[in-house]
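Geometric and topological summary
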Amino acid sequence: MPRSRAVRSAAALVSVLAALVSPAAAQAASSPAAAPPRRAPAETVVLPVRDALAALPVQAEDRTGYTRDKYRHWIDADRDGCSTRQEVLLEEAVTAPEQGARCRLTGGVWHSPYDDTRFEVARALDIDHLVPLAESWDSGASAWSPAERQAYANDLGDPRALIAVSAASNRSKADQDPATWQPPAAGYRCTYATDWIAVKTRWRLTVDTAERSALAAVLDGCPDTPVEVTLAR
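Conventions and cut-offs
- Residues numbered from 1 in each chain as written.
- Predicted model: local features only at pLDDT ≥ 70, side-chain atom pairs only at ≥ 80, totals over all residues.
- Heavy atoms only, no water.
- Helix = DSSP H or I, 4+ residues; strand = E, 2+ residues; numbered from the N terminus.
- Contact = heavy atoms within 4.5 Å.
- Axes fitted to C-alpha atoms, helices over the stretch in contact; angles between N-to-C directions.
- Parallel < 35°, antiparallel > 145°, perpendicular 65-115°, else oblique.
- Left-handed = near helix turned anticlockwise from the far one by under 90°.
- Nonpolar A, V, L, I, M, F, W, Y, C, P; charged D, E, K, R; others polar.
- Expected span 1.5 Å × (residues − 1).
- Buried < 20%, exposed > 50% of the residue type's maximum accessible area, 1.4 Å probe, protein only.
- Salt bridge = Lys/Arg side-chain N within 4 Å of Asp/Glu carboxyl O.
- Disulfide = S-S within 2.5 Å.

The backbone of tryptophan 74 shows a phi angle near 60°, a positive value even though the residue is not glycine. Within the secondary structure layout, tryptophan 74 lies in the loop between helix H3 (49-55) and helix H4 (84-92). One non-glycine residue with positive phi stands out, namely arginine 79, at about 55°. Turning to its location among the elements, arginine 79 is positioned in the loop between H3 and H4.

Right under this line is the structure:
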């Protein structure tokens, strides 16, 4: 049976914190007499979704310098033999697949919410970054460290960040934001807009004016659902 995403995210967080720790802190931690460093607990934000959208900073996008290889992804953060892609497939399966050597998955059933389609073969699915890597770069990640971009690209700490969807819908979406692409399944659009805002809040990313207007237009037809987000940075 797949383990909970909470367990996996804890291991991923340890990996990321290890990568981010300063050399001085690392040396102090290795000393027998040194006390372990204290870290503030992650901050949790709870807002109605319309307020969460209003709280996002508005800034023009800039894709200068972006390349996909600046985001190392599909790592095996907890070294259990399953990559981030496989962890998401295990977590989101409607019917659990069998897990073989090297986390090879056979059988199983998945539902792609973008286009309301059922799949019974894992390789027919893509794992989509709900807020695409290029969009995160445009919205502030260009200033992040490589370790922070790796953490974003493999974010198992929030189930809204990565999603198993049909390859066709993922490639149709590509790097677009809600101003130019919406899920073909109209019944999913409220969830999509809400989750987009949650991910941007979690990673302290900005929105541009067209994106913000498109999200607000979608939310006009949606409940003002509370959004709970644990900040990642």
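On we go from here.
A word on the environment of proline 184. Tracing the backbone through its elements, the reader meets proline 184 in the loop between helix H7 (167-173) and helix H8 (189-202). If we ignore the near neighbours within four places in the chain, the residues touching proline 184 are Tyr114 and Arg189.

Our focus in this paragraph is the packing of H8 against helix H9 (residues 209-219). As a packed pair, H8 and H9 sit with axes 9 Å apart at the nearest point and diverge in direction by 135°. With respect to H9, the element H8 is oriented oblique. Here H8 runs over H9; the crossing is left-handed. Contact residues: Arg189, Cys190, Ala193, Thr194, Trp196, Ile197 and Lys200 in H8; Glu211, Leu215, Val218 and Leu219 in H9. Here the residues of the contact of H8 with H9 sort into seven nonpolar, one polar and three charged.

For H8, with 14 residues, the first-to-last C-alpha span of 20 Å sits near the 20 Å given by 1.5 Å per residue. With eleven of its 14 residues buried, H8 lies for the most part within the structure. Within H8 the residues assigned to the buried category are Tyr192, Ala193, Thr194, Asp195, Trp196, Ile197, Ala198, Val199, Lys200, Thr201 and Arg202. Once H8 finishes, arginine 204 follows within two positions and takes phi at roughly 55°, a positive value.

Two side chains of opposite charge can pair, provided their charged atoms sit close to one another. Using the criterion set out here, one finds twelve salt bridges in the structure. The closest approach of N and O atoms between lysine 173 and aspartate 128, which form a salt bridge, is 2.7 Å. On the criterion of sequence distance, the pair formed by lysine 173 in helix H7 and aspartate 128 in strand S6 (residues 125-129) is long-range, its members being 45 residues apart. Just as lysine 173 is buried, aspartate 128 falls in that class too. Arginine 202 is the salt-bridge partner of aspartate 155, the closest N and O atoms lying 2.8 Å from each other. In this pair, aspartate 155 sits in the loop between helix H6 (146-153) and strand S7 (162-166) while arginine 202 sits in helix H8, placing the two residues 47 residues apart along the sequence. One exposure class covers both aspartate 155 and arginine 202, and it is buried. Salt bridges here are not isolated pairs; linked through shared partners, they connect Arg63, Asp138 and Asp175.

Right, let's get into the state of the cysteines. Counting across every chain of the model gives two disulfides. There is a disulfide in this structure between cysteine 82 and cysteine 103, and the S-S distance comes to 2.0 Å. Across the S-S bond of cysteine 82 and cysteine 103 the torsion is about 90°, and the bridge reads as right-handed. Here cysteine 82 is found in the loop between H3 and H4, whereas its partner cysteine 103 is found in the loop between strand S2 (98-99) and strand S3 (105-106), with 21 residues between them in sequence. Here cysteine 82 and cysteine 103 have matching classes, each one buried. Across the disulfide from cysteine 190 sits cysteine 222; the S-S distance is 2.0 Å. With the S-S bond torsion at -90°, the cross-link from cysteine 190 to cysteine 222 turns out left-handed. Linking cysteine 190 in helix H8 with cysteine 222 in the loop between H9 and strand S8 (226-230), this pair joins segments that are 32 residues apart in sequence. Each disulfide of the protein chain joins two cysteines, and with those cysteines numbered along the sequence the arrangement is 1-2, 3-4.

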